[in-house]
Amino acid sequence: MTDRSVRTAARRSGGRPAGSRLTALLGGVLPMVAALLLALAAPPASAASLTEVTNFGSNPSNLRMHLYVPDTVQERPPVLVAVHYCTGSGPAFHSGTEFASLADRYGFVVVYPSATRSGNCFDVSSPQALRRDGGSDPVGIRSMVGYVQQRLNADPDRIYVTGASSGAMMTNVLVGNYPDVFKAGAAFAGVPHSCFATTDGSGWNSACANGTVDRTPRQWGDLARGAYPGYSGPRPRMQIWHGTEDSTLRYPNFNEQIEQWTDVHGVSLTPAYTDRPQPNWVRTRYGGTGDQAPVEAVSVQGVGHSLPAGGMAARAIAFFGLDGTGSTDPDPEPEPEPEPEPGACRVAYTTNAWNTGLTASITVTNTGSAPLNGWSLSFRLPAGQTIVSGWSASYSPNSGAVTARPASYNSTLAAGASAQIGFQASHTGDTGEPASFTLNGAACAVV
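Residues numbered from 1 in each chain as written. Predicted model: local features only at pLDDT ≥ 70, side-chain atom pairs only at ≥ 80, totals over all residues. Heavy atoms only, no water.

An unreviewed UniProt entry lists the chain under the name PHB depolymerase family esterase, with Streptomyces chitinivorans as the source organism.

Here it is as structure tokens:
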């Protein structure tokens, strides 16, 4: 209908009465006034949202980048790179973890990379990925950090990385490849730097995933140091999380990561501090006793490949120093280490050896005041010893850093109770005993 036909129709009807016109006017105005008053009364909505960034720099594997900038950020904001699991994405990790809400609280920026290869796993296995500026995914993630530093004037002394599963493996890779960029990392259910290495183009390393890749601390440390030959500056602090029942990236990888990063930092493998922040968490610190120790490890009893769970992200943020507590010195001088206090456990270990074999009998005692509903005992066999059979427990792997898991009938240890387990092993001459034992990640007294 045209404007002229509207005017003609109005004349034919004699026009609309004044009251009707006023009613129509108020009918249009009043809702607008009400909406305005409601908007003035309501608190302002958050404008922060996840934004995709393109053309952020060198990106040899075509990763995608999403950026979360809170409504209020620090003047020179810290940056957290949060790396997702296989089959995931940056947006999924943003919505499924607590890092964005913690960024709102503390004013840091979060970068969420997304893998684009089949399965959405990150490359932590190719020779290119395992050396500085070699190519593949780590180069793209480094470019994302550079983009944020340039565009948001981010603080280069407060760049951190965390991740779960594939993202935890990438966390280990990034702190090895770029120790001059990242000040600390937190890996939830990962493996050491270079553990997943392959040369056949495959992205999966079954031996590493199953926890059967066993190296000495020095060998692990050399692999991390070899990612950036000649670097002699400070090294990123490292926080390591793992569930004892992880069947995807098995629990022995927890101890192998501890060995790698304590060697990189040149600190003792004997914990300087042990506590239980939650009933099923055992936290050990190496090279220092404070919240920002060079290496911190949290063993989560009875949990599988499902980290991080509630509250764990906040612990990672505290380890980074982004919650405003404690020192944020990226590489503090190691504190003098007190004599370690054993956890609530005691181990008696005896052997009977012959030409090329031996049997070992182990008595594990819960010296704490609460029952242990499920437990695992970890120790390192001397070189040349290989378990061939066992009783009252399963042993994996059969040499090196071994974890013993009880049978169903002795999986609960009451306060003050003991379990007796044992195994038969072959040897090549060294019939010695393990130097130390940990029960659910806590050091045991040895008698």
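(A) Fine view of the overall build of the chain. The helix and strand tally for the chain stands at ten helices and 22 strands. By the burial criterion, 48% of the 447 residues in the chain qualify as buried. A separation threshold of at least 6 residues defines the contact pool for the chain, and within that pool the share at least 24 residues apart is 71%. Accessible area of the chain: about 19,600 Å², with a carbon and sulfur share of 52%. (Helix = DSSP H or I, 4+ residues; strand = E, 2+ residues; numbered from the N terminus. Buried < 20%, exposed > 50% of the residue type's maximum accessible area, 1.4 Å probe, protein only. Contact = heavy atoms within 4.5 Å. Areas by Shrake-Rupley, 256 points an atom, 1.4 Å probe, with all protein chains shown as cover.)

(B) Summary view of the sheet that holds strand β14 (residues 377–380). Here we have five strands laid out as an open sheet, ordered β16-β17-β14-β20-β21, and antiparallel in their pairing. One side of each edge strand has no neighbouring strand; the edge strands of this open sheet are β16 (393–396) and β21 (442–443). Across two bridges, the pairing between strand β20 (residues 437–439) and β21 is antiparallel. Paired with leucine 439 across the bridge in β21 is alanine 442. (Pairing = 2+ DSSP bridges.)

(C) Expanded view of the packing of helix α8 (residues 217–226) against helix α9 (residues 252–265). Interhelical geometry of α8 versus α9 gives an angle of 70 degrees and a closest axis separation of 7 Å. The angle between the axes of α8 and α9 places the two elements in the roughly perpendicular class. Judged by the twist between their axes, the crossing of α8 over α9 is right-handed. Two secondary-structure elements touch here, α8 through Pro217, Arg218, Trp220, Gly221, Leu223, Ala224 and Arg225 and α9 through Glu256, Glu259, Gln260, Trp261, Asp263 and Val264. Partitioned by chemical class, the residues of the contact of α8 with α9 number six nonpolar, two polar and five charged. (Axes fitted to C-alpha atoms, helices over the stretch in contact; angles between N-to-C directions. Parallel < 35°, antiparallel > 145°, perpendicular 65-115°, else oblique. Left-handed = near helix turned anticlockwise from the far one by under 90°. Nonpolar A, V, L, I, M, F, W, Y, C, P; charged D, E, K, R; others polar.)

(D) A look at the pattern of salt bridges. For the structure on display, the rule yields 14 salt bridges. Residue arginine 64 is joined to glutamate 52 by a salt bridge in which the shortest nitrogen-to-oxygen separation is 2.8 Å. Here glutamate 52 lies in strand β1 (residues 50–53) and arginine 64 lies in strand β2 (residues 64–68), a separation of twelve residues in the sequence. For arginine 64, a relative accessible area of 41% translates into the label partly exposed. Relative accessible area serves as the criterion here: at 36%, glutamate 52 is assigned to the partly exposed category. A salt bridge links arginine 132 to aspartate 180; the nearest nitrogen and oxygen atoms lie 2.8 Å apart. Note that arginine 132 is positioned in the loop between β4 (109–114) and α5 (136–152) and aspartate 180 in the loop between α6 (166–177) and β6 (184–188), a separation of 48 residues in sequence. One network of salt bridges, in which partners are shared, links Asp214, Glu256, Glu259 and Arg380. (Salt bridge = Lys/Arg side-chain N within 4 Å of Asp/Glu carboxyl O.)

(E) Quick look at the nonpolar core. Residues Val148 and Phe182 are the most contacted members of the largest nonpolar core, which totals 53 residues. Not counting chain neighbours up to four residues away, the residues in contact with phenylalanine 182 comprise Val81, Val145, Ile159, Tyr160, Val161, Leu174, Val175 and Pro236. Counting 30 residues, the second largest nonpolar core, distinct from the first, contains Leu80, Leu102, Ala184 and Val303. (Core = buried A, V, L, I, M, F, W, Y, C linked by side-chain atoms within 4.5 Å.)

(F) Here's a closer look at the state of the cysteines. Using the criterion set out here, one finds three disulfides in the structure. Across the disulfide from cysteine 195 sits cysteine 208; the S-S distance is 2.0 Å. Its torsion about the S-S bond being 120 degrees, the disulfide of cysteine 195 and cysteine 208 is classed as right-handed. Of this pair, cysteine 195 sits in the loop between β6 and α7 (206–209) while cysteine 208 sits in helix α7; the two residues are 13 residues apart in sequence, bridging distant segments of the chain. Across the disulfide from cysteine 345 sits cysteine 444; the S-S distance is 2.1 Å. Between cysteine 345 and cysteine 444, the S-S torsion sits near -105 degrees, and that sign places the bridge as left-handed. One end of the pair, cysteine 345, is in strand β11 (residues 345–353); the other, cysteine 444, is in the loop between β21 and β22 (445–446), and 99 residues separate them in sequence. (Disulfide = S-S within 2.5 Å.)

(G) Spotlight on the side chain of asparagine 440. Structurally, asparagine 440 can be placed in the loop between β20 and β21. Polar contacts involving the side chain of asparagine 440 include one to the main-chain amide nitrogen of serine 376, which spans 2.9 Å. (Polar contact = N/O pair within 3.5 Å; in protein donor to acceptor, adjacent residues only side chain to side chain.)

(H) Highlighting the environment of alanine 314. In this structure, alanine 314 sits in helix α10 (residues 312–320). Residue classification places alanine 314 among the partly exposed residues on the basis of a relative accessible area of 35%. Remark: the alpha-carbon pair of alanine 314 and glutamate 98, spanning 216 residues in sequence, is separated by 7.7 Å.

(I) Structural context of the side chain of threonine 244. Position of threonine 244 relative to the elements: it lies in the loop between β7 (237–243) and α9. What makes threonine 244 buried here is its relative accessible area of 1%. A distance of 3.3 Å separates a polar atom in the side chain of threonine 244 from a polar atom in the side chain of glutamate 245. Apart from the residues lying within four places of it in its own chain, the contact partners of threonine 244 are Tyr251, Ser299, Val300, Gln301, Gly302, Val303, Ser376 and Arg405.

(J) Layout of the packing of α6 against α9. Contact pair α6 / α9: the axes reach a minimum separation of 13 Å and the direction vectors enclose 10 degrees. As the angle between them shows, α6 and α9 are arranged roughly parallel. Here Asn172, Val175 and Gly176 of α6 lie close against α9, whose contacting residues are Gln257, Gln260 and Trp261. Looking at the contact of α6 with α9 residue by residue, the classes come out as two nonpolar, four polar and no charged.

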